[in-house]
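Below, each chain spelled out in residue letters.
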Amino acid sequence: MARTSRAIVQTAPRRLELRELPIPEIDDDTGLLRVEACGICGSDAEQYAGVLPVRLPVVPGHEPLGIVERIGDRAAKRWGVDVGDRVAVETLIPCGHCPACIGGRYQVCRGRGGMFGHGYVPLAQPPALWGAYADYMFLDPFSIVHRVRKDLPAALAVMFNPIGAGFRWAVEIPRTGPGDTVLVLGPGQRGLASVVAARAAGADLVIVTGLARDARKLALARELGADHVIDVEAEDARVRVRELTGGRGADVVVEVTANAPEPVAEALHYVATGGRIVLAGVKGLKAVPDFVSDLVVAKEITIQGAFGVTSRAYAAAIRLIESGRVPLEKMHTHDFRLEDAERAIRTLAGELPGEASIHSCLVP
Ligand SMILES: [Zn+2]
Ligand SMILES: [Zn+2]
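Residues numbered from 1 in each chain as written. Chains lettered and ligands numbered in written order. Predicted model: local features only at pLDDT ≥ 70, side-chain atom pairs only at ≥ 80, totals over all residues. Heavy atoms only, no water.

A. Region of the structure containing the overall build of the protein chain. Helix and strand counts for the protein chain come out as 12 helices and 15 strands. Across its three principal directions, the C-alpha atoms of the protein chain cover 65 × 45 × 40 Å. By the burial criterion, 56% of the 364 residues in the protein chain qualify as buried. Pairs at least 24 residues apart make up 72% of the contacts formed inside the protein chain by residues separated by at least 6 positions. Taken as two groups, the 41 positive and 44 negative side-chain charges of the protein chain have centres that lie 2 Å from each other. (Helix = DSSP H or I, 4+ residues; strand = E, 2+ residues; numbered from the N terminus. Buried < 20%, exposed > 50% of the residue type's maximum accessible area, 1.4 Å probe, protein only. Contact = heavy atoms within 4.5 Å. Lys, Arg positive; Asp, Glu negative; His and termini not counted. Charge placed at Lys NZ, Arg CZ, Asp CG, Glu CD.)

Okay, here's the thing in structure tokens:
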């Protein structure tokens, strides 16, 4: 087999290079993944632009799907997979020993220094091939893998990441179940995934908000299971949410808009008394104007942040994808070749006119 792997290396903000990197030796506890596809998400665009605190140079790509090319005996036993199996790889590589890991919050583990995960560990740390913008990716002893059926198209199977986020943010954290009304703010890939997950969890009513320019995504939200969509520029969303919920408001509000802080303040008006608000959209560290904390007090609202995805949510996502119950392929808009990584990221970021992306992936 090849001794080197093509890999995209980010050397500075907005600078990507295609390089050949040596394929690492595998020992008893590690493995090598042949990348079939790598999902692209909003944080790839932030990493590219240089707004995330990522150590450079680095091979990006934190949503890997691939085939186990080589694996150590102990790793095969621990992971329950072997050469030739298809696996989804979780982003975070936890240390397994820090208070976060011991406390069951491995997705916020910082025990290995900074954010340690596929797509985020710098080139300087051997064996360099940590990210999935490459033909091959290293599997660390602490990487977490999930077996995925091989007969699904890679572009569909790689959606385990956004759909997993939907299960964690819209179901696991707010404990969504039958009878709940779920309001999703923002119809991007995470918002659509939240719709899919809330529906799968048995939510009674699912509503999605967006802007006028999101018309296509809002239509897709309907196809994926939303009962109602609201264009917040054309309608009074507070009034509409009240109408749709019989005056109660939503039991669960999931905030997944990018960069806009205003919907966080609005969520307090949409949520029902005793309701739960999950904040998962990042705002570039901007403060939230018009945040009326008295509403939190008076309505006994629970507000919780969501960072990353858990194994349980990934597993739920993979089962849903494998079931074929939801036309998830309608979310998929673009496949890009490895050498087109820059165009892929800029397309997702909306920098290229006329190219509207929802879910896209790199296919080396
Ligand atoms: Zn991502
Ligand atoms: Zn840890």
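There's plenty left to go through after this.
B. Summary view of the coordination of the zinc ion (ligand 2). Around the zinc ion (ligand 2), the protein supplies C95 (SG), C98 (SG), C101 (SG) and C109 (SG) as donor atoms, at distances of 2.3 to 2.4 Å. Coordination at the zinc ion (ligand 2) is tetrahedral: its four donor atoms span angles of 105 to 117 degrees at the metal. We note that the donor set of the zinc ion (ligand 2) lies within a single chain, spaced as C-x2-C-x2-C-x7-C. For the pair C95 and C101, a shared accessibility class is recorded, and that class is buried. (Donors = N, O, S within 2.8 Å, 3.2 Å for Na, K, Ca; no water. Tetrahedral: all angles 85-135°; square planar, octahedral: opposite > 155°, others 65-115°.)

C. Spatial organisation of the coordination of the zinc ion (ligand 1). Within the first shell, the zinc ion (ligand 1) binds the protein through C41 (SG), H62 (NE2) and E63 (OE), at distances of 2.0 to 2.1 Å. Classification of C41 as buried rests on a relative accessible area of 7%. Accessibility expressed as a relative area gives 0% for E63, which makes it buried.

D. Spatial organisation of the nonpolar core. I163, F167 and L328 are the most contacted members of the largest nonpolar core, which has 54 residues in total. Elements with a minimum of two residues in this core: helix 4 (154-157), helix 5 (160-172), strand 8 (181-185), helix 6 (189-200), strand 9 (205-210), helix 7 (215-223), strand 11 (250-255) and helix 11 (311-323). Counting 36 residues, the second-largest nonpolar core is a separate cluster that includes V89, Y133, M137 and L338. (Core = buried A, V, L, I, M, F, W, Y, C linked by side-chain atoms within 4.5 Å.)

These figures come from the coordinates and say nothing about function on their own.
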